Amino acid sequence: MLGLLITLIIAIVIGMIGSAIAPGGMPGGILGAMLAGLVGAWIGHSLFGTWGPVIADFAIVPAIIGAAIFVFLLTLISRGLRSAT
């Protein structure tokens, strides 16, 4: 149970950092940041592998880059949907 809590906290921190890097920011507050952190870690691991420091099974640098990519893509999609309506 403690491992899950640590994983979620690290995901929130990664999501907040990724949201601060990408233009537009991630909506949803802490839950949005947690989603961005978890998806960003998956994207970062898929694209860049596991290099750099690892905390709670997250490779920090690829996860932050992946979270920034995820937030950026969500911003582009939401702008496209807003302009289409």
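Along every chain, residues carry numbers that run from 1 in the direction the sequence is written. Given that the model is predicted, a residue must reach a pLDDT of at least 70 before its local features are reported, and side-chain atom pairs must reach 80 or more before they are shown or counted; all residues, however, enter totals for whole chains, interfaces and linings. Note: side-chain values were computed over all heavy atoms of the structure, leaving out hydrogens and water.

Time to look at the overall build of the protein chain. Tallying secondary structure elements over the protein chain gives 3 helices and 2 strands in all. Strands here are runs of E lasting at least two residues and helices are runs of H or I lasting at least four, both read from the DSSP assignment and numbered beginning at the N terminus. Along the protein chain, helices (α) and strands (β) appear in the sequence α-α-β-β-α when read from the amino end. In terms of overall dimensions, the protein chain is globule-like: its C-alpha atoms have a radius of gyration of 13 Å, near the 12 Å expected for 85 residues. The principal-axis extents of the C-alpha atoms in the protein chain amount to approximately 45 × 25 × 15 Å. Only protein chains enter the accessibility calculation, which uses a 1.4 Å probe; a residue whose area is less than 20% of its type maximum is buried, one above 50% is exposed, and one in between is partly exposed. Expressed as a percentage of the 85 residues in the protein chain, the buried residues total 35%. Taking the intrachain contacts of the protein chain between residues at least 6 apart in sequence as the baseline, contacts between residues at least 24 apart amount to 52%. Using a 1.4 Å probe, the Shrake-Rupley method yields the accessible areas, and only the shown protein chains count as cover for residues. For the protein chain, the computed accessible surface area is about 5100 Å², with 77% contributed by carbon and sulfur atoms. Taken over C-alpha atoms, the radius of gyration is set against a globule rule of 2.2 Å times the number of residues to the power 0.38. Two residues form a contact once any of their heavy atoms are found within 4.5 Å.

For any two helices packed against each other, one specifies the inter-axial angle together with the distance between the axes. An axis is simply a line fitted to the C-alpha atoms; with a helix, the fit covers only the stretch in contact. Between two such axes, the angle follows the N-to-C directions and lies from 0 to 180 degrees. Packing of helix α1 (residues 2–21) against helix α3 (residues 60–84) brings their axes to within 8 Å, and their N-to-C directions diverge by 55°. When the interaxial angle is binned, α1 and α3 end up oblique. The way α1 lies across α3 gives a crossing that is right-handed. For the pair α1 and α3, contact is made by Ile-10, Ile-14, Ile-17, Gly-18, Ser-19 and Ile-21 and by Ile-60, Ala-63, Ile-64, Ala-67, Ala-68 and Val-71, respectively. Gly falls in the polar group here, along with every residue not listed as nonpolar (Ala, Val, Leu, Ile, Met, Phe, Trp, Tyr, Cys, Pro) or charged (Asp, Glu, Lys, Arg). In the contact of α1 with α3, the residues fall into 10 nonpolar, 2 polar and no charged. Convention used here: angles under 35 degrees read as roughly parallel, angles over 145 as roughly antiparallel, angles from 65 to 115 as roughly perpendicular, and any remaining angle as oblique. Whether a crossing is left-handed or right-handed is set by the direction in which the near helix is turned from the far one by less than a right angle, anticlockwise for left-handed and clockwise for right-handed.

With that settled, the discussion passes to the nonpolar core. Put simply, buried Ala, Val, Leu, Ile, Met, Phe, Trp, Tyr and Cys residues joined by side-chain atoms within 4.5 Å make one nonpolar core. Of all hydrophobic cores here, the largest spans 12 residues; its members are Ile-10, Ala-11, Ile-12, Ile-14, Ala-33, Met-34, Ala-41, Phe-58, Ile-60, Ala-63, Ile-64 and Ala-67. Counting 7 residues, the second largest nonpolar core, distinct from the first, contains Ala-22, Met-26, Ile-43 and Phe-70.

Once that is clear, we can look at the UniProt feature "transmembrane region" (unreviewed entry) in the protein chain. Feature annotation in UniProt assigns "transmembrane region" (unreviewed entry) to the following positions: residues 6–22, 29–48 and 54–77. The straight-line gap between the two end C-alpha atoms of residues 29–48 is 27 Å; of that span, 100% is helix and 0% is strand. Counted over residues 54–77, helix gives 75% and strand 17%. Its end C-alpha atoms are 31 Å apart. UniProt positions are given in the numbering used here, feature names are shortened, and annotations may be inferred rather than shown by experiment.

Looking now at helix α2 (residues 29–48). The span expected for a helix works out to 1.5 Å for each residue beyond the first. Here α2 spans 27 Å end to end across 20 residues, near enough to the 28 Å set by a 1.5 Å rise per residue. Restricting attention to buried positions, one finds in α2 the residues Gly-32, Ala-33, Met-34, Ala-36, Gly-37, Gly-40, Ala-41, Ile-43 and Gly-44. Gly-49 sits one or two positions beyond α2 and adopts a positive phi of about 80°.

Residues other than glycine seldom take positive phi values, yet Ala-56 does so here, at roughly 50°. As for its placement among the helices and strands, Ala-56 is situated in the loop between β1 (54–55) and β2 (58–59).

Bringing a nonpolar patch on the surface into the picture now. A cluster of nonpolar residues, Leu-2, Leu-5, Ile-6, Ile-9, Val-13, Ile-17 and Ile-21, forms a patch on the protein surface that exposes about 630 Å² of accessible area. Here Val-13 shows up in helix α1. Residue Val-13 is classed as partly exposed on the basis of its relative accessible area, which comes to 41%. What makes a patch is a set of residues exposed beyond 30% relative accessible area and free of salt bridges, joined within 9 Å when like-charged and within 5 Å when nonpolar (Val, Leu, Ile, Met, Phe, Trp, Tyr). We define a salt bridge as a side-chain nitrogen of Lys or Arg found within 4 Å of a carboxyl oxygen belonging to Asp or Glu.

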